[in-house]
Amino acid sequence: MLEKAIEYAHHHKDDFLFQLKEFLAIPSISTLDENKPDIQRAAEWVAAQLRGIGMHNVDIMPTRGHPVVYGDWMGAGDSAPTVLIYGHYDVQPVDPLELWTTDPFIAEVRGDNLYARGSSDMKGQVIASIKAVEAVVKAGGLRVNLKWMIEGEEEIGSEHLGEFIKEHKEKFFADFCLNADAGIISADEPAITTGLRGLMYAELKVYGPSKDLHSGLFGGTIHNPAQALAELITSMHDKNGKITLPGFYDKVRKLSNKERLEFKRLPGSNKELLQMTGAPALWGEAQFIPAERIGARPTLEINGMISGFIGQGSKTVLPAWAMAKISCRLVPDQDPEQVFKQLKAHIKKHAPKTIKWELTNLHNAGAALVDSDNIGVRALSKAFESVWGKKPHFRREGGSIGVVVQLQKFAGVDSLLSGFGLPDDNAHSPNEKLHLPTWYRGIDTFIHMFYNLGV
Ligand code: BES
Ligand code: MN
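Below or above, wherever it landed, is the structure these notes cover.

About the thresholds
Residues numbered from 1 in each chain as written. Chains lettered and ligands numbered in written order. Predicted model: local features only at pLDDT ≥ 70, side-chain atom pairs only at ≥ 80, totals over all residues. Heavy atoms only, no water. Near = heavy atom within 4 Å. Polar contact = N/O pair within 3.5 Å; in protein donor to acceptor, adjacent residues only side chain to side chain. Areas by Shrake-Rupley, 256 points an atom, 1.4 Å probe, with all protein chains shown as cover. Nonpolar A, V, L, I, M, F, W, Y, C, P; charged D, E, K, R; others polar. Domains from an automatic or database assignment. Donors = N, O, S within 2.8 Å, 3.2 Å for Na, K, Ca; no water. Tetrahedral: all angles 85-135°; square planar, octahedral: opposite > 155°, others 65-115°. Helix = DSSP H or I, 4+ residues; strand = E, 2+ residues; numbered from the N terminus. Buried < 20%, exposed > 50% of the residue type's maximum accessible area, 1.4 Å probe, protein only.

**Brief notes about the site of ligand 1**
Here's step 1: Around ligand 1, a shell composed of 16 residues is seen, among which Asp121, Glu154, Asp181, Arg329 and Ser400 lie nearest.
Here's step 2: A distance of 3.0 Å is found between an oxygen atom of ligand 1 and a side-chain nitrogen or oxygen belonging to glutamate 155.
Here's step 3: Separating a nitrogen atom of ligand 1 from a backbone N or O atom of serine 400 is a distance of 2.9 Å.
Here's step 4: In isolation ligand 1 offers 520 Å² of accessible surface; the protein chains occlude 87% of this area.
Here's step 5: Class assignment for the residues of the shell around ligand 1 results in 4 nonpolar, 6 polar and 6 charged.
Here's step 6: When residues of the shell around ligand 1 are sorted by domain, at least three fall in each of domain 1 (2-196 + 367-454) and domain 2 (198-252 + 298-365).

Right, here's the structure in full:
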């Protein structure tokens with residue numbers, strides 16, 4: 001049976017790739033209003049796939065934001081486990097477009113990789129779960145009950161998903177939720193993620209004069225908002241890379257010696273980090289190794305800033321305003337809403353009288369720790385061992401996935417976090433790609449996992 005499913009998957013490699021390309025052609029960017037019709041199209045595309053592999057009750061369910069695609073198959077009976085398969089059909093914006101070698105929405109294979117926005121994060125992972133189930137169904141071997149939740153707001157913080165889950169929680173009860181949005185360490189180092197950071201995202205606007213001014217006529221008498229914003233931002237870290245917001249570290253859970261040893265044992269080096277990022281040197285809290293700084297320490301980042309004249313050539317101007325997008329990655333037990341208040345308190349204290357400012361909280365997601373020993377974890381570990389010839393590493397990751405905490409909180413369901421995205425896949429960056437050999441291995445791994453669960 002297992003062999004039959006694997007054979008089906010290998011036989012249909014090209015079809016799977018073709019369908020992934022079709023999915024990738026839909027520019028389902030969740031943050032942009034102009035892509036709203038594409039969001040709907042992507043949801044419909046996923047729904048059609050679920051129907052196509054024999055799922056029941058497939059439905060595009062409205063939320064207060066973008067819709068959730070639901071489907072289920074409860075044919076394995078009450079005594080069999082129920083797996084909730086999570087995914088997101090939305091993607092990040094593509095800018096700066098000029099840095100892409102090919103069109104982000106016309107997927108192209110170059111060497112071992114498929115290039116397109118969303119290929120790794122996470123349309124490729126969604127297709128991997130769908131195709132693994134398809135192979136198991138076609139081989140007549142599905143022995144677990146399935147539920148699907150494919151959402152469209154992950155890349156903007158899953159803002160409306162929490163209340164949606166709360167409202168429909170019986171629909172999402174399951175033994176665990178398979179979430180392939182977390183990725184692995186490298187093409188030959190599989191991993192299961194046991195923790196994710198949370199996120200608090202804010203926008204800070206600083207206003208000075210009522211209009212852009214001649215910098216010769218007024219410079220030296222009016223506080224430049226771009227400079228004031230830069231000063232405020234600078235005040236948010238000390239010289240050692242520690243964040244200076246009042247009370248910021250109060251709730252940060254300390255790492256035990258055992259946890260620190262586990263971080264130390266993970267593969268990966270400073271050199272690799274430098275290579276992957278192209279940065280000239282590393283930065284951050286020196287008393288923690290990079291894996292700890294990514295997995296278990298909070299950050300404050302400037303995602304972007306804008307002010308004044310940024311066109312070609314020069315213009316002598318004192319801008320009227322400046323804006324920065326500021327976010328904090330959070331760790332247990334920090335509360336995003338409280339961190340927003342801390343940011344506000346910091347700005348209140350440091351903002352000079354020469355400017356006005358406005359701070360808006362765009363979205364929040366809590367940090368999560370998940371169960372690292374349950375039927376799902378065991379089934380997936382065994383599957384990795386069979387397909388990759390080695391046990392997965394267990395590690396905490398730096399990204400955020402809103403649904404993980406929401407499912408714990410509102411439905412009591414824990415997530416099994418993994419997937420086949422690689423750290424050098426350029427997620428959120430130009431030339432995002434999917435490593436195809438890893439993707440195909442991933443489909444095999446999920447097939448094994450479903451069989452491991454069903455016996
Ligand atoms: N796939 C990522 C999350 C991720 C990244 C998990 C790296 C583990 C390692 C996900 O699609 C993502 O990017 N999420 C956003 C969420 C945010 C907008 C709340 C993120 O982390 O920036
Ligand atoms: Mn992402």
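From this point, things continue past the structure.
**Quick word on the coordination of the manganese ion (ligand 2)**
Here's step 1: Taken together, the protein donors to the manganese ion (ligand 2) comprise Asp121 (OD), Glu155 (OE), Glu155 (OE) and His428 (NE2), at separations of 1.9 to 2.5 Å.
Here's step 2: Seen from the manganese ion (ligand 2), its 6 donor atoms lie at angles of 54 to 158 degrees, and the figure they make is irregular.
Here's step 3: The sequence pattern formed by the donor residues of the manganese ion (ligand 2) is D-x33-E-x272-H. Of this pair, glutamate 155 sits in the loop between strand 6 (145-151) and helix 5 (161-167) while histidine 428 sits in the loop between strand 17 (415-417) and strand 18 (433-435), placing them 273 residues apart in sequence.
Here's step 4: For glutamate 155, a relative accessible area of 12% puts it in the buried group.
Here's step 5: By relative accessible area, which is 40% here, histidine 428 ends up partly exposed.

Read these as geometric descriptors, not functional statements.
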